[in-house]
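Remarks on the overall topology
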Amino acid sequence: MRLEIDWTRCDGHGLCAQLLPERISLDEHGFPVLPYRQVEGELLTHARRAVAVCPRLALRLEQSAPSHTLR
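Since the model is a prediction, treat every value here as computed from it, not as a measurement.

**Details of the overall build of the protein**
Each helix and strand in the protein was counted, giving 2 helices and 4 strands. Overall, the protein is about 45 × 25 × 20 Å in size when its C-alpha atoms are taken along their principal axes. With 71 residues in all, the protein has 31% of them scored as buried.

Below, the structure is given as structure tokens:
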């Protein structure tokens, strides 16, 4: 799964960074920074909780695009 942010909704409340500090940090204005968007394993439970409590519904989880190799 991959974390995504809808920037038209995000108000920089910072709850996501509190609940998922392994993947989300905050910039100097309090808005989320996602250096690593991929979420799997044990972190997926925490990511789902962060998505669920986002007050502006700006954070979401999406299916990762399958990787294809060219032959």
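**Structural notes on helix α2 (residues 43-53)**
Every buried residue belonging to α2 is among Leu43, Leu44, Ala47 and Ala50, and all of these are buried. Mapping the buried residues of α2 onto a view down its axis gives an arc of 120 degrees, with all of them on the same face. For α2, exposure combined with an orientation more than 90 degrees from the buried face picks out Thr45 and Ala52.

**With respect to the nonpolar core**
When a protein is soluble and globular, its nonpolar side chains tend to lie buried together. Counting 17 residues, the largest nonpolar core has Leu3, Leu20, Ile24, Val39, Ala47 and Leu59 as the members making the most contacts within it. Sorting the residues of this core by element identifies β1 (2-5), α1 (15-19), α2 and β4 (59-62) as the ones contributing at least two each. Here this core takes 4 residues from α2, the largest share from any one element. Ignoring sequence-local partners within four residues, the contact set of Val39 consists of Met1, Leu3, Arg23, Leu44 and Ala47.

**Overview of the environment of Met1**
When you line up the elements, Met1 lands in the segment before β1. On the basis of relative accessibility, which here comes to 23%, the residue Met1 falls in the partly exposed class. Residues Met1 and Ser64 lie 63 residues apart in sequence; the distance between their C-alpha atoms is 5.0 Å. Contacts of Met1, omitting those with residues within four sequence positions, involve Arg37, Gln38, Val39, Leu44, Leu61, Glu62, Gln63 and Ser64.

**A look at empty space enclosed by the protein**
Tallied over the full model, the rule gives 1 cavity of 30 Å³ or more. One number sums up the size of the largest cavity: a volume of about 130 Å³. Lining the largest cavity are 16 residues, and of these Cys10, His13, Gly14, Cys16 and Cys54 lie nearest its centre. Grouping the constituent residues of the lining of the largest cavity by class yields 10 nonpolar, 4 polar and 2 charged.

The rules behind these values
Numbering of residues begins from 1 in every chain and follows the order in which that chain's sequence is written. Where local features are concerned, this predicted model is filtered to residues with pLDDT of at least 70; where side-chain atom pairs are given and counted, the filter is 80 or more; whole-chain, interface and lining totals use all residues. Side-chain numbers here rest on the full set of heavy atoms in the structure, without hydrogens or water. Labels follow the DSSP assignment, with helices taken as runs of H or I lasting at least four residues and strands as runs of E lasting at least two, numbered in each case from the N terminus. Each residue is assigned to one of three classes by its accessible area relative to the maximum for its type, calculated with a 1.4 Å probe on protein chains only: buried under 20%, partly exposed between the two thresholds, exposed over 50%. Regarding the arc, it is the one traced by the directions from the helix axis to the C-beta atoms. Among buried residues, the Ala, Val, Leu, Ile, Met, Phe, Trp, Tyr and Cys ones that are joined through side-chain atoms within 4.5 Å form a nonpolar core. In what follows, a contact means two residues having at least one pair of non-hydrogen atoms within 4.5 Å. For each structure, a 1 Å grid was placed over the protein atoms alone; sets of points admitting a 1.4 Å probe that cannot get out are labelled cavities, open sets with protein on both sides within 12 Å along at least five of seven lines are labelled pockets, and lining residues have an atom within 4 Å of a point. Grid points are joined across faces, edges and corners, and a volume is the space filled by probe spheres set on the points. Each residue is assigned to one of three groups, with Ala, Val, Leu, Ile, Met, Phe, Trp, Tyr, Cys and Pro labelled nonpolar, Asp, Glu, Lys and Arg labelled charged, and all others, Gly among them, labelled polar.

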